[in-house]
Amino acid sequence: MRNILFLLVVFFSLPALSQRSIVDELQKDEVGQGKVTIHQDPAISALLGVIHRNGANAEGTDVLKARGYRVQVYAGNGSRVARNEAREVGEKIKMEFPDIPVYTFFQSPRWLCRVGDYRSVEEADAVMRKLKATGKFKEVSIVREQINIPLE
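Before going into details, it helps to say that this report is about the structure given with it. Remember, predicted model here, so these are calculated numbers, not experimental data. (Residues numbered from 1 in each chain as written. Predicted model: local features only at pLDDT ≥ 70, side-chain atom pairs only at ≥ 80, totals over all residues. Heavy atoms only, no water.)

### Quick notes on helix α5 (residues 121-134)
Across its 14 residues, α5 extends 20 Å between first and last C-alpha, which sits within 8% of the 20 Å expected from 1.5 Å per residue. Buried residues belonging to α5 abut β3 (63-75), α4 (80-96), β5 (110-118) and β6 (141-150). Backbone geometry just downstream of α5 places Gly135 in the positive-phi region, at approximately 80°. (Helix = DSSP H or I, 4+ residues; strand = E, 2+ residues; numbered from the N terminus. Expected span 1.5 Å × (residues − 1). Contact = heavy atoms within 4.5 Å.)

### A look at the layout of surface pockets
The volume enclosed by the second largest pocket comes to roughly 170 Å³. Taken together, Val73, Tyr74, Glu85, Glu88, Val89, Lys92, Lys136, Phe137, Lys138 and Glu139 form the lining of the second largest pocket. For the lining of the second largest pocket, the elements supplying multiple residues, two or more each, are β3 and α4. Broken down by element, the residue count for the lining of the second largest pocket peaks at four residues, all from α4. (1 Å grid on protein atoms, 1.4 Å probe; cavity = no way out; pocket = protein on both sides within 12 Å on 5 of 7 lines; lining within 4 Å. Points joined across faces, edges and corners; volume = space filled by probe spheres on them.)

Structure below.
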């Protein structure tokens, strides 16, 4: 029984160990590179995002996951009709604003369509005003969410 419990703990902790924060990434040793040492409170590291490798976003590039803002353009119920409406709204946004990333997903109990990855509420507000100015999107609001910041 203890062996099974140990294997379960190891199995579920492996994904957490594979995620590296930006601080861990800066401090890693590489041959021919300088050495960076960061001394800080662990609470600061917890506030920073986690780097997701190997295609963590739609373009297949590495991204930093961090707290930020998105603009919510659609929220429906959990029906098939709501799913189709959320996707249609996403397609309309892609046509009008091809440079803004669109996220259509189900978050129980409703379908959502959110756009953008903004670090500040001011950036999100500027995009929200552009979306409202088109007159095509009724339910537009800013939401705080985990965003994707591409690493270059």
